[in-house]
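# Summary of the model geometry
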Amino acid sequence: MASCITESHKVHSSAHKRIHERNDFEVEPTEKQRITMFSEKPVRKSNKENSLCNNIMTLKTKETQSDNHKKHEKKAPKQEKVKHEFLDKLYEMMLRDGFMKARDRNEKVLEFSHPEDLKKKIDFELGSKTSDEKILSLCQDVIKYSVKVAHPRFFNQLYGGLDEYSLGGCWLTETMNASLYTYEVSPVFALMERVVIDKMLGKIGFQDGDAMFCPGGSISNMYALNIARYFQYPEVKKKGLRGIPEICAFTSEKCHYSIAKGVAFMGMGLDNLISVKTDAIGKMIPEDLEKKILEAKEQGMTPYFVNATAGTTVFGAFDPIDEIADICKKYGLWLHVDGAWGGGALMSKKYRHLLKGVERADSMTWNPHKLMGVPQQCSLIFTRHKGLLEQCHSANAAYLFQQDKFYDVSYDTGDKSIQCGRKNDVLKLWIMWKNKGDEGFERDIDNQFECAEYLAELVKQREGFELLLEPECTNVCFYYIPERLRGKERTDEWWSEISKVGPKVKEAMMKAGSMMVGYQPDGQFVNFFRMIVSNLDIVKSDMEFVVDEIIRLGKDL
Ligand SMILES: Cc1ncc(COP(=O)(O)O)c(C=O)c1O
């Protein structure tokens with residue numbers, strides 16, 4: 001350490017000396033330039049000379065600065081030549097095949113291979129150095145054999161599509177490679193995060209509050225479980241579970257599995273996660289919540305947390321937040337809204353009523369990488385309780401979060417997080433939002449909901465299809481009944497045959513590469529199709545394609 005200081009001091013003072021010797025400042029520099037030039041004393045020139053010099057002053061100053069850099073560079077080790085050619089070719093390939101072609105409806109969604117075959121097609125092994133040519137051909141294979149989630153017929157998961165501005169944001173993110181813990185290493189993104197967070201807090205309806213970008217909705221939900229526990233039992237941070245009562249949490253039987261993972265991860269034990277019944281369309285039944293809270297109390301447990309889901313993973317149901325908030329208020333419980341999936345509805349005047357009462361929650365998870373079409377990953381945990389994230393998670397690492405820095409350290413947000421290094425997930429969202437504006441996002445959210453509603457209508461009208469339930473979000477769940485099974489008595493055997501349709505049609509669509517739609521069983525329902533509309537480029541004719549393609553692939557089953 002000591003030798004470093006001496007070295008840099010030497011470089012600095014010799015550069016200073018050289019600048020003095022050169023004596024090449026021709027006009028009086030501004031205050032700013034003076035500082036840049038190590039407080040060099042200017043030499044006065046005539047007016048004529050001055051005006052001439054004025055014209056070239058900026059340029060000259062730049063030259064001088066760059067000269068200074070060059071002088072420093074002489075001392076620095078030689079920089080390895082950057083392989084522009086490699087990057088140029090890769091960029092061209094990504095743009096052409098990874099982006100443009102991947103979004104083309106005439107192209108395949110995937111080129112399926114079984115794992116053993118894929119191992120033969122791509123040389124995955126590592127060892128000796130590989131030529132650029134070979135690496136580029138491997139990159140081409142990466143694109144070829146990867147699923148094109150940007151394709152307008154990728155309906156498999158709760159994310160999809162690819163917006164050019166956000167893709168640009170991703171590329172810029174990777175280029176800048178910032179870690180978002182301190183303002184000193186990520187000044188631009190620290191300010192950007194704050195703007196985006198404030199904007200989204202406003203959409204939720206939290207008057208004040210705070211948020212943190214997290215690596216996915218599961219982690220955001222875990223944050224909620226953790227800050228809620230700390231809020232009620234701050235001693236848990238020091239004493240752990242031994243220092244607090246046996247607390248329990250409540251969530252619906254249709255919630256995302258990350259709630260269970262979180263409870264287990266936090267050492268509360270799965271026995272302390274209480275499942276609340278749902279109605280016929282998958283919404284939490286508030287009366288059952290209250291009943292379960294009272295039962296838990298009778299058993300000596302201490303209720304502390306209720307999770308309401310805004311857009312369940314399979315059915316897309318929105319729990320009745322307002323009614324759940326009343327119960328939470330009555331029993332003094334933390335209300336978390338898992339809006340990882342359905343949170344995007346808050347961008348739409350037409351659909352935000354689905355989250356009515358969300359402004360009464362204590363925290364909310366919202367994944368812009370789902371309904372809002374931002375590339376993965378982009379998820380946030382919001383809380384109305386300002387300062388809580390920091391109090392709960394801070395470890396005050398002295399090497400990062402010095403309080404005696406020369407700038408406003410409230411922009412050093414890293415200690416609010418459970419991570420140290422944290423990826424920049426804000427830029428791609430910010431760029432996309434800049435391009436679309438609020439209205440653009442609203443239009444895209446509305447379009448996705450309207451496409452899902454249109455598909456539900458098609459399913460109701462077309463022969464051989466049966467809708468499981470009216471969609472609330474953009475999940476459309478339905479059966480396809482092949483001709484030979486239509487009009488038959490619905491015995492166990494019949495249902496067993498129906499349960500084979502989903503897997504068989506799925507296999508056929510993946511082998512054809514024509515589209516991807518998920519299937520699964522749920523509760524009393526045997527395997528059904530769960531079609532997800534989560535792509536900002538989708539149009540109604542894509543919905544017609546889904547129905548026609550299932551008929552084509554499943555007609556002989
Ligand atoms: C309701 C809900 N919550 C949380 C998650 C988890 O989000 P992530 O996949 O970003 O971890 C999901 C994922 O689909 C979800 O549907």
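Residues numbered from 1 in each chain as written. Predicted model: local features only at pLDDT ≥ 70, side-chain atom pairs only at ≥ 80, totals over all residues. Heavy atoms only, no water.

## Structural notes on the overall build of the chain
A count of helices and strands for the chain gives 17 helices and twelve strands. Residue burial in the chain is summarised as follows: out of 557 residues, 50% are buried. Per element, the accessible surface of the chain, about 28600 Å² overall, is 54% carbon and sulfur. (Helix = DSSP H or I, 4+ residues; strand = E, 2+ residues; numbered from the N terminus. Buried < 20%, exposed > 50% of the residue type's maximum accessible area, 1.4 Å probe, protein only. Areas by Shrake-Rupley, 256 points an atom, 1.4 Å probe, with all protein chains shown as cover.)

## Focus on the sheet that holds strand β5 (residues 302-309)
If you trace the seven strands from one edge of the open sheet to the other, you get β2-β8-β7-β6-β5-β3-β4, paired in mixed fashion. Sheet topology places β2 (210-214) and β4 (273-276) at the edges, where each strand pairs with a single neighbour. Strand-to-strand twist of the sheet, defined as the mean angle between neighbouring strand axes without regard to direction, takes the value 20 degrees. In this sheet, strand β8 (residues 379-383) lies alongside β2 in antiparallel orientation, the contact comprising five bridges. By the bridge assignment for β8, cysteine 214 is matched with serine 379. Each of β5 and β6 (334-339) is contacted by helix α13 (residues 321-331), which is oriented at about 155 degrees to β6, the strand it contacts most. (Pairing = 2+ DSSP bridges. Axes fitted to C-alpha atoms, helices over the stretch in contact; angles between N-to-C directions. Contact = heavy atoms within 4.5 Å.)

## Side note on helix α17 (residues 540-554)
The first and last C-alpha atoms of α17 sit 22 Å apart over 15 residues, in line with the 21 Å expected at 1.5 Å per residue. Within α17, the full set of buried residues consists of Asp542, Met543, Val546, Val547, Glu549, Ile550, Leu553 and Gly554. Seen along its axis, α17 keeps its buried residues to an arc of 165 degrees; they face one direction. Where α17 is buried, its residues meet β1 (154-155), α15 (427-461), β9 (465-467), β10 (475-480), α16 (492-512) and β12 (525-532). (Expected span 1.5 Å × (residues − 1). Arc of directions from axis to C-beta.)

## Details of the pairing of β6
Among the six residues that make up β6, six are buried, leaving the element largely enclosed by the rest of the structure. Burial of β6 is two-sided: the residues Trp334, His336 and Asp338 facing one way and the residues Leu335, Val337 and Gly339 facing the other way are all buried. Bridge count for β5 against β6 is five bridges, and the pairing is parallel. The partner of threonine 309 across the bridge, within β6, is aspartate 338. In this fold, β5 hands off to α13, which returns the chain to β6; that crossover is right-handed. (Right-handed = clockwise from strand over helix to strand, strands pointing away.)

## Looking at the site of the ligand
Residues in contact with the ligand amount to 14 residues; listed here are only the nearest, Gly217, Ser218, Thr313, Asp338 and Asn367. Here serine 218 contributes a side-chain N or O atom positioned 2.9 Å from an oxygen atom of the ligand. Within the side chain of threonine 313, one N or O atom sits 2.8 Å away from an oxygen atom of the ligand. Considered on its own, the ligand offers 390 Å² of accessible surface; in the complex 85% of this is hidden by protein. With three residues, helix α9 (residues 217-232) is the single largest residue contributor to the shell around the ligand. (Near = heavy atom within 4 Å. Polar contact = N/O pair within 3.5 Å; in protein donor to acceptor, adjacent residues only side chain to side chain.)

## A closer look at the packing of aromatic side chains
The geometry of an aromatic ring pair is captured by the separation of the ring centres together with the interplanar angle, meaning the angle of the planes. Scanning the model with the defined rule gives 19 aromatic pairs in all. Between phenylalanine 231 and tryptophan 334 the ring centres are 5.4 Å apart and the planes differ by 65 degrees, which places this aromatic pair in the edge-to-face class. With phenylalanine 231 in helix α9 and tryptophan 334 in strand β6, this pair connects stretches of sequence that are 103 residues apart. The buried category is assigned to tryptophan 334, whose relative accessible area is 2%. Of the aromatic side chains, those joined through ring pairs into one cluster are Phe315, Tyr479, Trp494, Trp495, Phe525 and Phe528. The ring of tyrosine 411 carries the charged tip of arginine 194 above its face, separated from the ring centre by 4.1 Å. The cationic tip of lysine 540 hangs over the ring face of tyrosine 454; the distance from NZ or CZ to the ring centre is 5.7 Å. (Phe/Tyr/Trp six-rings, centres within 6.5 Å; stacked < 30°, edge-to-face > 60°. Lys NZ or Arg CZ within 6 Å of the ring centre and 35° of its normal.)

## Digging into the nonpolar core
Membership of the largest hydrophobic core comes to 64 residues, with the highest contact counts inside it found for Phe250, Leu289, Leu335, Leu355, Trp366, Phe382 and Leu429. When residues no more than four places from it in sequence are discounted, the contact partners of phenylalanine 250 are Leu273, Ile274, Val276, Leu289, Lys292, Ile293, Ala296, Pro303, Phe305, Val306 and Asn307. Judged by nonpolar contacts, the second largest core, of 31 residues, contains Ala452, Val476, Met509 and Val533. (Core = buried A, V, L, I, M, F, W, Y, C linked by side-chain atoms within 4.5 Å.)

## A few points about the side chain of glutamate 193
Assignment of secondary structure puts glutamate 193 in helix α8 (residues 187-204). Look past the residues within four positions of glutamate 193 in its chain and what remains in contact with it is Leu180, Phe213, Thr413, Arg422 and Val426.

## Some words on the sheet that holds β1
The strand order across the open sheet formed by five strands is β1-β11-β12-β10-β9, and the pairing between neighbours is mixed. Each edge of the open sheet carries a strand with a single partner, namely β1 and β9. Two elements, β10 and β12, share four bridges in a ladder whose sense is antiparallel. For asparagine 475, the partnering residue across the bridge sits in β12 and is isoleucine 532. α15 rests against β9, β10 and β12 of the sheet, and its axis sits at about 130 degrees to β9.

## Notes on the packing of helix α4 (residues 84-100) against helix α7 (residues 164-176)
Running from N to C, α4 and α7 cross one another at 145 degrees; their axes reach a closest spacing of 13 Å. Note that α4 runs across α7; the crossing there is right-handed. Side by side, α4 and α7 meet where Tyr91, Met94, Leu95 and Phe99 of the first sit next to Glu164, Leu167 and Trp171 of the second. Taken together, the residues that form the contact of α4 with α7 break down as six nonpolar, no polar and one charged. (Left-handed = near helix turned anticlockwise from the far one by under 90°. Nonpolar A, V, L, I, M, F, W, Y, C, P; charged D, E, K, R; others polar.)

## Quick notes on the packing of α4 against helix α6 (residues 132-145)
The geometry of α4 relative to α6 is characterised by a closest axis approach of 11 Å and an angle of 15 degrees between their N-to-C directions. It follows that α4 is roughly parallel to α6 by the angle criterion. Along this stretch, α4 crosses α6, giving a crossing that reads as right-handed. Taking contact as the criterion, the partners of Phe86, Lys89, Leu90, Met93, Met94, Arg96, Asp97 and Gly98 in α4 are, on α6, Asp132, Ile135, Leu136, Cys139, Gln140 and Ile143. Of the residues that constitute the contact of α4 with α6, the class distribution is eight nonpolar, two polar and four charged. (Parallel < 35°, antiparallel > 145°, perpendicular 65-115°, else oblique.)

## Structural notes on helix α11 (residues 258-265)
Since there are 3.6 residues in each turn of an α-helix, residues three or four apart along the chain are aligned in direction. Among the residues making up α11, those that are buried are Ser258, Ile259, Gly262 and Val263. End-on view of α11: buried residues confined to an arc of 140 degrees, all on one side of the axis. Once α11 ends, the next one or two residues include glycine 267, with phi positive near 80 degrees.

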